Amino acid sequence: MLLDTASLYFRAYFGVPDSVRAPDGTPVNAVRGLLDFIDRLVKDHRPDHLVACMDADWRPHWRVELIPSYKAHRVAEERPAGPDEEEVPDTLSPQVPVIEAVLDALGIARVGVAGYEADDVIGTYTARATGPVDIVTGDRDLYQLVDDARGVRVLYPVKGVGTLNLVDEAALREKYGVDGGGYADLALLRGDPSDGLPGVPGIGEKTAAKLLAEFGDLAGIQAAVDDPKAKLTPTQRKRLTEAAPYLAVAPKVVRVADDVPLPDTGTALPHGPRDAGALDALAARWGLGGSLQRLLTTLTT
């Protein structure tokens, strides 16, 4: 089980009231919400391995070089050295180090790799997996990894973190008309304003799905643009021709990496805390109470 950690703690932050606070009054809604979510996931799915995948760089330079608008609207401060600072709610930012410390004390593997997003870490673990994989994320970008033959599916939270949609290839075909392998092509054609991806102007989700059904994949669509006999309207041909520079680079930006140099980290689901003393101190300092205790009980039973 691979957790898109930032996606999940953002959802926990907005799904749990900020009246959930530490003894000193500091909000801990994201911390406790995430712990409750992990508890539910472990109870319901009992994974053999669990990895909290992290954004060591939420906006990698190599993606920005190809598409400068990539996540540009979410930059709080540009930094010439190291990752740009992301816009994050004021009361969420201080909770992230607490989340990291609690995961470490619990012994839940926490993996981020410099120069890569959590999506890329997830993509690489998925590529290396020898058995089924559950990816837990609120980010549709990772639908591209869904693969029934390999047992790779996405668990997508729909209301806060309380309800999960199971996304397999049948669900993708029903909603988008593509399978996992085709989702990245659909996404780059359609664009995604939340990630600053422009897409092809005038090509929405339904048109993108129709083009992929007709021509197979992005390469097939690009070949059709150069084939006067291909079933493209004049407007579609014009728009796709004008978007050729974008389409040349978008696949590298949209498709998650599967070759990240992952650290040699044990990923087995822990059956007790790695550092009970540190965990007790964190529980007392941040008032983690029942949320932490429930997860500990679940891990040890």
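About the criteria used
- Throughout, a residue's number is its position along its own chain's written sequence, starting from 1.
- In keeping with the model being predicted, local features are shown solely for residues with a pLDDT of at least 70 and side-chain atom pairs are shown and tallied solely at 80 or more, while totals for entire chains, interfaces and linings include all residues.
- Only hydrogens and water are removed before side-chain values are computed, so all heavy atoms of the structure are retained for them.
- Each helix corresponds to a stretch of at least 4 residues labelled H or I by DSSP, and each strand to a stretch of at least 2 residues labelled E; elements are numbered beginning at the N terminus.
- Definition of a polar contact: a pair of N or O atoms within 3.5 Å, with one able to donate and the other able to accept a hydrogen when the atoms are protein atoms, and with sequence-neighbouring residues admitted only if both atoms are side-chain atoms.
- In this analysis, two residues are considered to be in contact whenever any of their non-hydrogen atoms come within 4.5 Å of each other.
- Two aromatic rings from Phe, Tyr or Trp, using only the six-membered ring of Trp, form a pair when their centres are within 6.5 Å; if the ring planes differ by under 30 degrees the pair is stacked, by over 60 it is edge-to-face, and anything between is tilted.
- Only protein chains enter the accessibility calculation, which uses a 1.4 Å probe; a residue whose area is less than 20% of its type maximum is buried, one above 50% is exposed, and one in between is partly exposed.
- Only when the NZ of Lys or the CZ of Arg is both within 6 Å of the ring centre and within 35 degrees of the ring normal is a charge said to sit over the ring.
- Every angle, taken between N-to-C directions, lies between 0 and 180 degrees, and every axis is a line fitted to C-alpha atoms, over only the stretch in contact when it is a helix.
- Angle categories are assigned with fixed cut-offs, so that under 35 degrees is roughly parallel, over 145 is roughly antiparallel, 65 to 115 is roughly perpendicular, and the rest are oblique.
- Crossing handedness is read from the near helix: turned anticlockwise from the far helix by less than a right angle, it gives a left-handed crossing, and turned clockwise, a right-handed one.
- Each residue receives one of three labels: charged for Asp, Glu, Lys and Arg, nonpolar for Ala, Val, Leu, Ile, Met, Phe, Trp, Tyr, Cys and Pro, and polar for the others, Gly being one of them.
- We count Lys and Arg on the positive side and Asp and Glu on the negative side, and we leave His and both chain ends out.
- Any carboxyl oxygen of Asp or Glu within 4 Å of a side-chain nitrogen of Lys or Arg constitutes a salt bridge here.
- Put simply, buried Ala, Val, Leu, Ile, Met, Phe, Trp, Tyr and Cys residues joined by side-chain atoms within 4.5 Å make one nonpolar core.
- Throughout, the protein atoms alone are placed on a 1 Å grid, and a set of points is a cavity if a 1.4 Å probe fits but cannot get out or a pocket if it is open with protein on both sides within 12 Å along at least five of seven lines; lining residues have an atom within 4 Å of a point.
- Grid points are joined across faces, edges and corners, and a volume is the space filled by probe spheres set on the points.

Draft legend 1. Structural context of the side chain of Gln-95. Structurally, Gln-95 is set in helix α4 (residues 95-106). Within the local environment of Gln-95, its side chain forms a polar contact with the backbone nitrogen of Ala-30, the two atoms lying 2.8 Å apart. For Gln-95, the residues in contact, after removing those within four places along its chain, are Tyr-13, Pro-27, Val-28, Asn-29, Ala-30 and Val-31.

Draft legend 2. Broad picture of the packing of aromatic side chains. In this structure the tally under the stated criterion is seven aromatic pairs. Taking 5.3 Å as the distance between ring centres and 75° as the angle between the ring planes, the aromatic pair formed by Tyr-176 and Tyr-183 counts as edge-to-face. There is no split in this pair, since Tyr-176 and Tyr-183 are both buried. Members of the aromatic cluster, connected to one another through ring pairs, are Tyr-143, Tyr-156, Tyr-176 and Tyr-183. A cation sits over an aromatic face here: Arg-11 above Tyr-156, 5.2 Å from the ring centre. Over the ring of Trp-286 we find Arg-285; its NZ or CZ atom is 3.9 Å from the centre of that ring.

Draft legend 3. Looking closely at the packing of helix α7 (residues 180-190) against helix α11 (residues 244-254). Axis separation between α7 and α11 bottoms out at 10 Å; the angle between their running directions is 130°. By the angle class used here, α7 and α11 are oblique. Where α7 crosses over α11, the two elements pack in a sense that is right-handed. Contact residues: α7 offers Ala-184, Ala-187, Leu-188 and Leu-189, while α11 offers Tyr-246, Leu-247, Ala-250, Pro-251 and Val-254. A class-by-class count of the residues in the contact of α7 with α11 yields nine nonpolar, no polar and no charged.

Draft legend 4. Seen up close, the side chain of Asp-57. Looking at where Asp-57 falls in the secondary structure, it is placed in the loop between β2 (51-53) and α3 (61-66). Here Asp-57 sits buried without a salt bridge, and the closest side chain of opposite charge, Arg-59, lies 7.9 Å off (N-O distance). Residues contacting Asp-57, with those up to four places away along its chain left out, are Pro-83, Gly-115, Tyr-116 and Glu-117.

Draft legend 5. Structural context of the packing of α7 against helix α8 (residues 205-215). The geometry of α7 relative to α8 is characterised by a closest axis approach of 9 Å and an angle of 135° between their N-to-C directions. With respect to their mutual orientation, α7 and α8 come out oblique. The handedness of the crossing between α7 and α8 is right-handed. Facing Gly-182, Asp-185, Leu-186, Leu-189 and Arg-190 of α7, the residues of α8 in contact are Glu-205, Ala-208, Ala-209 and Leu-212. Residues that form the contact of α7 with α8 fall into these classes: five nonpolar, one polar and three charged.

Draft legend 6. Molecular detail of the nonpolar core. Membership of the largest hydrophobic core comes to 58 residues, with the highest contact counts inside it found for Ile-135, Leu-189, Leu-240 and Leu-247. Residue contacts for Leu-247: discarding those within four places in its chain leaves Leu-188, Leu-189, Val-200, Leu-218, Gln-222 and Leu-240. Counting 38 residues, the second-largest nonpolar core is a separate cluster that includes Ala-52, Ile-108, Val-136 and Leu-288.

Draft legend 7. Molecular detail of the layout of surface pockets. As a volume, the largest pocket reaches approximately 1,100 Å³. Lining the largest pocket are 41 residues, with Ala-6, Phe-10, Asp-55, Trp-58 and Glu-86 sitting closest to its centre. Going through the elements one at a time, α1 (5-15), β4 (85-86), α4, α5 (118-128) and α7 are the ones with two or more residues in the lining of the largest pocket. Counting residues per element, the lining of the largest pocket draws most heavily on α1, which supplies seven residues. In terms of residue class, the lining of the largest pocket is built from 16 nonpolar, five polar and 20 charged. Approximately 490 Å³ is the volume attributed to the second largest pocket. The wall of the second largest pocket is formed by 18 residues, among which Met-1, His-49, Ala-129, Pro-132 and Val-133 lie closest to the centre. Among the secondary structure elements, those contributing two or more residues to the lining of the second largest pocket are α5 and β6 (133-136). Residue classes in the lining of the second largest pocket are distributed as nine nonpolar, five polar and four charged.

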